Amino acid sequence: MEKVIPFSSKPNTDAVAANTRAHLPTGQALADLPNSWNGGAEQQLLLMQRLIGCNEVESLISLFFRWCSDLGLADGLTYEAITDAADLNLGNRRHHNANYTLNLDQMALGRVTLCRRERFNENELLSVEQALGTLSRCLRTAIEFQTLQEMVTQDALTGLGNRLSLHQWIERELSRTRRHNSPLALMMIDVDHFKKINDAVGHIGGDHVLKTIASVFKRSTRGSDLLFRFGGDEFTILLPHTDLQGACDAARQIRNNLARISDDELALDTATKGLRPDVSIGIADYRPGDTQDSLLQRADTRLYHAKAQGRGAVCSNV
Ligand SMILES: Nc1nc2c(ncn2[C@@H]2O[C@H](COP(=O)(O)OP(=O)(O)OP(=O)(O)O)[C@@H](O)[C@H]2O)c(=O)[nH]1
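All of the points below concern the structure found in this document.

What counts and what doesn't
Residues numbered from 1 in each chain as written. Predicted model: local features only at pLDDT ≥ 70, side-chain atom pairs only at ≥ 80, totals over all residues. Helix = DSSP H or I, 4+ residues; strand = E, 2+ residues; numbered from the N terminus. Buried ≥ 20, exposed ≤ 12 C-beta atoms within 10 Å, placed from the backbone. Expected span 1.5 Å × (residues − 1). Arc of directions from axis to C-beta. Contact = placed C-beta atoms within 7 Å. Near = placed C-beta within 6 Å. Nonpolar A, V, L, I, M, F, W, Y, C, P; charged D, E, K, R; others polar. Axes fitted to C-alpha atoms, helices over the stretch in contact; angles between N-to-C directions. Parallel < 35°, antiparallel > 145°, perpendicular 65-115°, else oblique. Left-handed = near helix turned anticlockwise from the far one by under 90°.

So, about the overall build of the chain. Along the chain, the regular secondary structure elements total nine helices and 10 strands. Counting only residues that meet the buried cut, the chain has 34% of its 318 residues in that class.

And the structure:
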(Lines give C-alpha, C1' and ligand atoms only; values in the text may rest on other atoms or scores of the structure.)
Protein backbone atom coordinates (compact mmCIF):
# COMPACT_ATOMS: atom_id res chain seq x y z
CA MET A 1 0.00 0.00 0.00
CA GLU A 2 1.26 3.49 -0.72
CA LYS A 3 -0.01 6.85 0.32
CA VAL A 4 1.03 10.46 -0.14
CA ILE A 5 0.68 12.26 3.16
CA PRO A 6 0.01 15.93 2.53
CA PHE A 7 0.35 17.14 6.11
CA SER A 8 -0.64 20.58 5.08
CA SER A 9 -2.13 23.31 7.16
CA LYS A 10 -4.24 24.11 4.06
CA PRO A 11 -6.08 21.48 2.03
CA ASN A 12 -3.71 20.11 -0.60
CA THR A 13 -5.68 19.17 -3.65
CA ASP A 14 -2.62 17.84 -5.49
CA ALA A 15 -2.03 15.12 -2.99
CA VAL A 16 -2.86 11.66 -4.22
CA ALA A 17 -3.92 8.92 -1.88
CA ALA A 18 -2.80 5.75 -3.57
CA ASN A 19 -5.01 3.49 -1.50
CA THR A 20 -8.71 3.71 -1.07
CA ARG A 21 -8.88 5.21 2.43
CA ALA A 22 -10.37 8.60 1.88
CA HIS A 23 -9.48 10.79 4.89
CA LEU A 24 -6.35 11.23 6.90
CA PRO A 25 -6.68 11.82 10.60
CA THR A 26 -6.59 15.44 11.65
CA GLY A 27 -6.06 16.83 15.16
CA GLN A 28 -9.54 15.76 16.09
CA ALA A 29 -8.84 12.18 14.98
CA LEU A 30 -6.53 11.81 17.96
CA ALA A 31 -9.50 11.94 20.28
CA ASP A 32 -11.46 9.63 18.01
CA LEU A 33 -8.99 6.78 18.04
CA PRO A 34 -10.63 3.69 19.49
CA ASN A 35 -9.94 3.19 23.20
CA SER A 36 -9.25 -0.47 22.62
CA TRP A 37 -6.08 0.37 20.76
CA ASN A 38 -3.20 1.48 22.91
CA GLY A 39 -1.63 3.83 20.36
CA GLY A 40 -4.04 6.63 21.20
CA ALA A 41 -3.63 10.20 22.39
CA GLU A 42 -1.22 9.38 25.19
CA GLN A 43 1.12 7.57 22.85
CA GLN A 44 0.92 10.36 20.29
CA LEU A 45 1.83 12.82 23.01
CA LEU A 46 4.74 10.65 24.05
CA LEU A 47 6.00 10.62 20.46
CA MET A 48 5.72 14.40 20.29
CA GLN A 49 7.73 14.74 23.49
CA ARG A 50 10.43 12.47 22.08
CA LEU A 51 10.71 14.25 18.74
CA ILE A 52 10.39 17.89 19.69
CA GLY A 53 13.71 19.66 19.97
CA CYS A 54 15.57 17.11 17.86
CA ASN A 55 17.26 18.79 14.88
CA GLU A 56 18.77 15.77 13.16
CA VAL A 57 16.94 13.88 10.46
CA GLU A 58 18.59 10.54 11.30
CA SER A 59 17.82 10.82 15.00
CA LEU A 60 14.22 11.81 14.28
CA ILE A 61 13.71 8.76 12.08
CA SER A 62 15.33 6.48 14.68
CA LEU A 63 13.14 7.90 17.46
CA PHE A 64 10.06 7.52 15.29
CA PHE A 65 10.95 3.91 14.49
CA ARG A 66 11.57 3.12 18.15
CA TRP A 67 8.13 4.51 18.97
CA CYS A 68 6.50 2.37 16.24
CA SER A 69 8.44 -0.67 17.28
CA ASP A 70 7.62 -0.24 21.02
CA LEU A 71 3.93 -0.20 20.10
CA GLY A 72 4.26 -3.22 17.81
CA LEU A 73 3.44 -1.06 14.79
CA ALA A 74 6.54 -1.96 12.78
CA ASP A 75 9.37 -4.47 12.69
CA GLY A 76 11.33 -2.42 10.19
CA LEU A 77 11.45 1.02 8.61
CA THR A 78 13.10 2.49 5.53
CA TYR A 79 13.51 6.23 5.04
CA GLU A 80 14.42 7.63 1.63
CA ALA A 81 15.58 11.21 1.99
CA ILE A 82 14.88 13.85 -0.63
CA THR A 83 18.50 14.97 -0.50
CA ASP A 84 21.36 12.74 -1.69
CA ALA A 85 21.75 11.42 1.87
CA ALA A 86 21.88 7.63 2.09
CA ASP A 87 18.65 5.75 2.82
CA LEU A 88 18.09 4.68 6.40
CA ASN A 89 17.19 1.04 7.02
CA LEU A 90 16.17 0.21 10.56
CA GLY A 91 14.96 -3.06 12.10
CA ASN A 92 14.05 -6.06 9.97
CA ARG A 93 12.54 -6.52 6.52
CA ARG A 94 9.06 -8.07 6.62
CA HIS A 95 6.36 -9.04 4.17
CA HIS A 96 3.66 -6.41 4.85
CA ASN A 97 4.51 -2.83 3.92
CA ALA A 98 2.90 0.58 4.35
CA ASN A 99 4.51 3.29 2.18
CA TYR A 100 4.11 6.99 2.72
CA THR A 101 5.40 10.00 0.81
CA LEU A 102 5.72 12.88 3.23
CA ASN A 103 4.93 16.45 2.20
CA LEU A 104 4.29 19.42 4.41
CA ASP A 105 3.02 22.67 2.91
CA GLN A 106 4.38 21.52 -0.46
CA MET A 107 7.82 20.74 0.93
CA ALA A 108 8.94 17.20 0.10
CA LEU A 109 10.25 15.45 3.21
CA GLY A 110 11.06 11.96 1.93
CA ARG A 111 9.45 8.53 1.89
CA VAL A 112 8.81 6.24 4.83
CA THR A 113 8.09 2.53 4.51
CA LEU A 114 7.01 0.59 7.57
CA CYS A 115 7.03 -3.18 7.42
CA ARG A 116 5.68 -5.88 9.66
CA ARG A 117 5.11 -9.62 9.80
CA GLU A 118 1.34 -9.18 10.39
CA ARG A 119 -1.00 -7.14 8.24
CA PHE A 120 -1.70 -3.59 9.41
CA ASN A 121 -5.26 -3.00 10.55
CA GLU A 122 -7.23 0.17 9.99
CA ASN A 123 -6.77 1.59 13.50
CA GLU A 124 -3.06 0.96 13.46
CA LEU A 125 -2.70 2.74 10.15
CA LEU A 126 -4.70 5.68 11.45
CA SER A 127 -2.36 5.97 14.37
CA VAL A 128 0.75 5.61 12.17
CA GLU A 129 -0.54 8.38 9.93
CA GLN A 130 -1.27 10.62 12.89
CA ALA A 131 2.27 10.00 14.12
CA LEU A 132 3.67 10.71 10.65
CA GLY A 133 2.04 14.14 10.92
CA THR A 134 4.11 14.84 14.03
CA LEU A 135 7.21 13.39 12.39
CA SER A 136 6.68 15.55 9.29
CA ARG A 137 6.55 18.76 11.29
CA CYS A 138 9.76 17.89 13.11
CA LEU A 139 11.42 16.68 9.88
CA ARG A 140 10.67 19.97 8.18
CA THR A 141 12.33 21.93 10.96
CA ALA A 142 15.32 19.58 10.93
CA ILE A 143 15.73 19.78 7.13
CA GLU A 144 15.44 23.57 7.20
CA PHE A 145 17.98 23.74 10.02
CA GLN A 146 20.35 21.44 8.10
CA THR A 147 19.98 23.54 4.93
CA LEU A 148 20.68 26.73 6.86
CA GLN A 149 23.70 25.18 8.52
CA GLU A 150 25.06 24.10 5.11
CA MET A 151 24.52 27.59 3.73
CA VAL A 152 26.52 29.07 6.57
CA THR A 153 29.38 26.57 6.53
CA GLN A 154 29.61 25.33 2.93
CA ASP A 155 31.18 26.87 -0.14
CA ALA A 156 28.35 27.14 -2.66
CA LEU A 157 30.49 26.39 -5.74
CA THR A 158 32.46 23.34 -4.63
CA GLY A 159 30.42 21.98 -1.72
CA LEU A 160 33.59 21.99 0.42
CA GLY A 161 33.65 23.75 3.78
CA ASN A 162 33.99 27.54 3.64
CA ARG A 163 36.39 29.74 5.54
CA LEU A 164 34.11 30.06 8.56
CA SER A 165 33.94 26.29 9.00
CA LEU A 166 37.71 26.04 8.41
CA HIS A 167 38.32 28.25 11.44
CA GLN A 168 35.87 26.24 13.55
CA TRP A 169 37.43 22.92 12.51
CA ILE A 170 41.03 24.02 13.04
CA GLU A 171 40.16 25.02 16.61
CA ARG A 172 38.48 21.67 17.21
CA GLU A 173 41.33 19.65 15.70
CA LEU A 174 44.00 21.67 17.50
CA SER A 175 42.42 20.93 20.87
CA ARG A 176 42.12 17.22 19.99
CA THR A 177 45.77 17.15 18.94
CA ARG A 178 46.87 18.85 22.17
CA ARG A 179 44.74 16.52 24.29
CA HIS A 180 45.73 13.25 22.60
CA ASN A 181 49.20 14.23 21.52
CA SER A 182 48.36 13.05 18.00
CA PRO A 183 49.80 14.49 14.79
CA LEU A 184 47.93 17.06 12.69
CA ALA A 185 48.91 18.49 9.30
CA LEU A 186 47.51 21.33 7.23
CA MET A 187 47.88 22.00 3.49
CA MET A 188 47.43 25.35 1.78
CA ILE A 189 46.83 24.82 -1.93
CA ASP A 190 46.71 27.37 -4.74
CA VAL A 191 45.83 26.64 -8.35
CA ASP A 192 48.69 27.65 -10.66
CA HIS A 193 48.01 30.33 -13.25
CA PHE A 194 44.29 30.07 -12.70
CA LYS A 195 43.83 33.45 -14.34
CA LYS A 196 45.11 31.93 -17.62
CA ILE A 197 42.64 29.05 -17.24
CA ASN A 198 39.81 31.54 -16.72
CA ASP A 199 40.95 33.51 -19.75
CA ALA A 200 41.00 30.33 -21.85
CA VAL A 201 37.69 28.76 -20.79
CA GLY A 202 35.73 31.78 -19.52
CA HIS A 203 34.47 32.40 -16.01
CA ILE A 204 31.77 29.70 -16.11
CA GLY A 205 34.28 27.22 -17.53
CA GLY A 206 36.68 28.34 -14.79
CA ASP A 207 34.04 27.59 -12.17
CA HIS A 208 33.69 24.10 -13.59
CA VAL A 209 37.47 23.60 -13.44
CA LEU A 210 37.45 24.69 -9.76
CA LYS A 211 34.66 22.19 -9.01
CA THR A 212 36.57 19.43 -10.79
CA ILE A 213 39.74 20.25 -8.87
CA ALA A 214 37.76 20.10 -5.60
CA SER A 215 36.44 16.67 -6.57
CA VAL A 216 40.02 15.49 -7.24
CA PHE A 217 40.96 16.68 -3.72
CA LYS A 218 38.07 14.64 -2.33
CA ARG A 219 39.02 11.44 -4.08
CA SER A 220 42.73 11.87 -3.31
CA THR A 221 42.31 12.21 0.45
CA ARG A 222 40.96 10.11 3.33
CA GLY A 223 37.37 10.29 4.51
CA SER A 224 38.64 11.73 7.79
CA ASP A 225 40.45 14.64 6.09
CA LEU A 226 38.64 17.99 6.10
CA LEU A 227 38.48 20.02 2.89
CA PHE A 228 37.78 23.73 2.55
CA ARG A 229 37.79 26.44 -0.07
CA PHE A 230 39.82 29.25 1.47
CA GLY A 231 38.67 31.68 -1.21
CA GLY A 232 39.11 32.20 -4.98
CA ASP A 233 41.48 29.51 -6.27
CA GLU A 234 42.90 28.70 -2.82
CA PHE A 235 42.03 25.62 -0.80
CA THR A 236 42.92 24.24 2.63
CA ILE A 237 43.02 20.61 3.74
CA LEU A 238 43.22 19.64 7.38
CA LEU A 239 44.63 16.15 7.95
CA PRO A 240 43.95 14.81 11.46
CA HIS A 241 46.21 11.99 12.72
CA THR A 242 48.65 12.69 9.88
CA ASP A 243 52.32 13.66 10.18
CA LEU A 244 54.37 15.72 7.73
CA GLN A 245 55.44 12.69 5.71
CA GLY A 246 51.84 11.44 5.41
CA ALA A 247 50.67 14.88 4.28
CA CYS A 248 53.47 15.04 1.65
CA ASP A 249 52.32 11.65 0.30
CA ALA A 250 48.73 12.96 0.10
CA ALA A 251 49.94 16.13 -1.69
CA ARG A 252 51.79 14.04 -4.27
CA GLN A 253 48.69 11.90 -4.75
CA ILE A 254 46.64 15.06 -5.38
CA ARG A 255 49.07 16.31 -8.04
CA ASN A 256 49.23 12.86 -9.71
CA ASN A 257 45.43 12.66 -9.85
CA LEU A 258 45.18 16.20 -11.20
CA ALA A 259 47.58 15.27 -14.00
CA ARG A 260 45.25 12.40 -14.92
CA ILE A 261 41.93 14.25 -15.17
CA SER A 262 40.36 13.81 -18.57
CA ASP A 263 39.39 16.62 -20.94
CA ASP A 264 35.81 15.41 -20.57
CA GLU A 265 35.87 15.85 -16.81
CA LEU A 266 37.22 19.36 -17.26
CA ALA A 267 34.62 20.00 -19.99
CA LEU A 268 37.30 21.25 -22.39
CA ASP A 269 36.54 21.83 -26.06
CA THR A 270 38.91 21.49 -29.03
CA ALA A 271 40.42 24.93 -28.40
CA THR A 272 41.25 24.28 -24.76
CA LYS A 273 41.90 20.52 -24.98
CA GLY A 274 44.97 19.37 -23.12
CA LEU A 275 44.85 22.19 -20.57
CA ARG A 276 46.08 20.62 -17.32
CA PRO A 277 45.44 22.48 -14.07
CA ASP A 278 48.22 22.04 -11.54
CA VAL A 279 48.63 23.27 -7.98
CA SER A 280 51.29 24.50 -5.58
CA ILE A 281 51.06 23.18 -2.04
CA GLY A 282 52.49 24.34 1.29
CA ILE A 283 52.32 21.92 4.21
CA ALA A 284 52.76 22.49 7.93
CA ASP A 285 52.47 20.00 10.78
CA TYR A 286 51.49 20.80 14.34
CA ARG A 287 54.21 21.96 16.72
CA PRO A 288 53.58 22.35 20.47
CA GLY A 289 52.45 25.90 21.13
CA ASP A 290 50.93 26.31 17.67
CA THR A 291 47.78 28.37 17.34
CA GLN A 292 45.40 28.47 14.41
CA ASP A 293 47.20 31.54 13.04
CA SER A 294 50.72 30.15 13.40
CA LEU A 295 49.80 26.86 11.70
CA LEU A 296 48.06 28.61 8.81
CA GLN A 297 50.89 31.12 8.50
CA ARG A 298 53.56 28.40 8.29
CA ALA A 299 51.63 26.51 5.61
CA ASP A 300 51.07 29.76 3.70
CA THR A 301 54.78 30.69 3.79
CA ARG A 302 55.60 27.26 2.39
CA LEU A 303 52.97 27.68 -0.30
CA TYR A 304 54.69 30.87 -1.41
CA HIS A 305 57.99 28.98 -1.54
CA ALA A 306 56.36 26.30 -3.69
CA LYS A 307 55.14 29.06 -6.02
CA ALA A 308 58.59 30.65 -6.05
CA GLN A 309 60.16 27.31 -6.95
CA GLY A 310 58.32 27.51 -10.25
CA ARG A 311 54.83 26.22 -9.22
CA GLY A 312 53.59 22.65 -9.53
CA ALA A 313 55.56 21.94 -6.34
CA VAL A 314 55.08 20.81 -2.74
CA CYS A 315 56.98 22.59 0.05
CA SER A 316 57.04 21.31 3.63
CA ASN A 317 60.26 22.53 5.21
CA VAL A 318 60.99 26.25 5.08
N1 LIG B 1 36.05 31.18 -12.46
C2 LIG B 1 36.37 31.65 -11.26
N3 LIG B 1 37.50 32.36 -11.12
C4 LIG B 1 37.82 32.83 -9.91
C5 LIG B 1 37.02 32.60 -8.79
N6 LIG B 1 37.61 33.16 -7.72
C7 LIG B 1 38.75 33.73 -8.15
N8 LIG B 1 38.90 33.52 -9.48
C9 LIG B 1 39.99 33.95 -10.35
O10 LIG B 1 41.16 33.26 -10.00
C11 LIG B 1 42.25 34.01 -10.49
C12 LIG B 1 43.35 33.95 -9.45
O13 LIG B 1 44.43 34.55 -10.03
P14 LIG B 1 45.71 34.97 -9.25
O15 LIG B 1 45.47 34.91 -7.76
O16 LIG B 1 46.17 36.28 -9.81
O17 LIG B 1 46.77 33.92 -9.56
P18 LIG B 1 46.95 32.82 -10.67
O19 LIG B 1 46.54 33.27 -12.02
O20 LIG B 1 46.30 31.57 -10.18
O21 LIG B 1 48.51 32.64 -10.66
P22 LIG B 1 49.43 32.05 -9.52
O23 LIG B 1 48.59 31.83 -8.31
O24 LIG B 1 50.46 33.08 -9.28
O25 LIG B 1 49.98 30.80 -10.07
C26 LIG B 1 41.75 35.41 -10.76
O27 LIG B 1 41.71 35.60 -12.16
C28 LIG B 1 40.33 35.41 -10.20
O29 LIG B 1 39.45 36.21 -10.96
C30 LIG B 1 35.80 31.86 -8.98
O31 LIG B 1 35.02 31.61 -8.06
N32 LIG B 1 35.54 31.42 -10.23
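A word on helix α7 (residues 244-259). Spanning 16 residues, α7 covers 23 Å between terminal C-alpha atoms, matching the ideal 22 Å at 1.5 Å per step. Those residues of α7 that sit buried are Ala247, Cys248, Ala250, Ala251 and Ile254. Down the axis of α7, the buried side of the element spans an arc of 160°, and every buried residue falls inside it. Turned more than 90 degrees away from the buried face of α7 sit Asp249, Asn256 and Ala259, all of them exposed. Taken together, the buried residues of α7 touch β6 (184-191), α6 (194-220), β8 (234-240), β9 (279-285) and β10 (314-315).

Further remarks concern the site of the ligand. Taken together, 16 residues form the shell around the ligand, and within it Asp192, Phe194, Lys195, Gly206 and Gly232 come nearest. Those elements giving two or more residues to the shell around the ligand turn out to be β6 and α6. The greatest single-element share of the shell around the ligand, amounting to seven residues, is contributed by α6. Split into classes, the residues belonging to the shell around the ligand amount to four nonpolar, five polar and seven charged.

In this section: helix α9 (residues 292-308). Under the 1.5 Å per step criterion, the end-to-end length of α9 is 24 Å for 17 residues, consistent within 8% with the ideal 24 Å. Every buried residue belonging to α9 is among Leu295, Leu296, Arg298, Ala299, Arg302, Leu303 and Ala306, and all of these are buried. Buried residues in α9, looked at end-on, bunch into an arc of 160°, giving them a common side. Seen from the buried face of α9, the exposed residues on the opposite side, beyond 90 degrees, are Asp293 and Ala308.

Moving on, we come to the packing of helix α2 (residues 41-51) against helix α4 (residues 122-153). Across the interface, α2 lies against α4 with an axial gap of 10 Å and an inter-helix angle of 15°. When the axis of α2 is compared with that of α4, the two are roughly parallel. You can see that α2 and α4 cross each other, and the crossing is right-handed. Only Gln130, Ala131, Thr134, Leu135 and Cys138 of α4 make contact with α2, whose side of the interface consists of Gln44, Leu47, Met48 and Leu51. Each residue belonging to the contact of α2 with α4 can be placed in one class, and the counts come to six nonpolar, three polar and no charged.

A separate point is the environment of Asp269. Following the sequence through the fold, Asp269 ends up in the loop between α8 (263-266) and β9. Using a count of 9 C-beta atoms within 10 Å as the deciding quantity, one classes Asp269 as exposed. Sequence-wise, Asp269 and Val209 are 60 residues apart; in three dimensions their C-alpha atoms are separated by 13 Å.

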